Amino acid sequence: MSSYTITVTVKLFAAYQEACGVSELVLDFPPGTTVAAVCDRLINQHPELDQWRNLTRFGINFQFVQPDTPMENGDEVVLIPPVSGG
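Within each chain, residue numbers correspond to sequence positions counted from 1 in written order. Whole-chain, interface and lining totals are the exception, using all residues; otherwise, since this is a predicted model, local features are given only for residues with pLDDT of at least 70 and side-chain atom pairs are given and counted only at 80 or more. Side-chain descriptors were evaluated using all non-hydrogen atoms of the structure, hydrogens and water having been removed beforehand.

1. Here we look at the nonpolar core
Inference 1: Think of a nonpolar core as a cluster: buried Ala, Val, Leu, Ile, Met, Phe, Trp, Tyr and Cys residues, connected wherever their side-chain atoms sit within 4.5 Å. Using a 1.4 Å probe on the protein chains alone, a residue whose accessible area is under 20% of its type maximum counts as buried, one over 50% counts as exposed, and one in between counts as partly exposed. Judged by nonpolar contacts, the single largest core of 20 residues is most densely connected at Val-10, Phe-29, Val-38, Leu-42, Met-71, Val-77 and Leu-79.
Inference 2: Each helix corresponds to a stretch of at least 4 residues labelled H or I by DSSP, and each strand to a stretch of at least 2 residues labelled E; elements are numbered beginning at the N terminus. Ranked by residues supplied to this core, first place goes to helix 2 (residues 36-45) with five residues.

Structure below.
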């Protein structure tokens, strides 16, 4: 088993940005990790985000993707919870 990891840049919006206190994170994951794992990691660190788990949309490199989409090294990931405004 390899110790290789992939590094992704995570852009945070709305509730995720508020909870984490930053607009961007750089995270490492094992190869083959799905984009949903980013959400899971942030919810583990910030349990108040759990209310958004099933409502969050995911994007990789400016494309909306399904939660089970695997990430690749260097990807830019976005987590987009529902937002409201006027």
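2. What to know about the pairing of strand 3 (residues 57-60)
Inference 1: DSSP-based pairing: two strands are paired if at least 2 bridges between them are found. Pairing analysis gives four bridges linking strand 3 to strand 5 (residues 76-80), with the strands arranged antiparallel. Of the residues in strand 5, the one forming a bridge with Phe-58 is Leu-79.
Inference 2: Sheet topology note: the strand 3/strand 4 (residues 63-65) ladder contains three bridges and is antiparallel. In the sheet register, Gly-59 faces strand 4, and the bridge partner there is Phe-64.

3. Remarks on the pattern of salt bridges
Inference 1: What counts as a salt bridge is simple: a side-chain nitrogen of Lys or Arg found within 4 Å of a carboxyl oxygen of Asp or Glu. Counted by the stated rule, this structure contains three salt bridges.
Inference 2: Arg-53 is the salt-bridge partner of Asp-50, the closest N and O atoms lying 3.0 Å from each other.
Inference 3: Classification of Asp-50 as partly exposed rests on a relative accessible area of 40%.

4. Comments concerning the packing of aromatic side chains
Inference 1: Classification of ring pairs uses Phe, Tyr and Trp, with its six-membered ring standing for Trp, and accepts pairs whose centres are within 6.5 Å; under 30 degrees between planes counts as stacked, over 60 as edge-to-face, and the remaining range as tilted. By the definition in use, this model includes zero aromatic pairs.
Inference 2: Here, a charge over a ring is recorded when the distance from Lys NZ or Arg CZ to the ring centre is within 6 Å and its angle to the ring normal is within 35 degrees. The ring of Phe-29 is capped by Arg-41, whose NZ or CZ atom sits 4.1 Å from the centre of that ring.
Inference 3: Positioned above the aromatic ring of Phe-64 is the side chain of Arg-57, whose terminal nitrogen or guanidinium carbon lies 3.8 Å from the ring centre.

These figures capture arrangement, not role.
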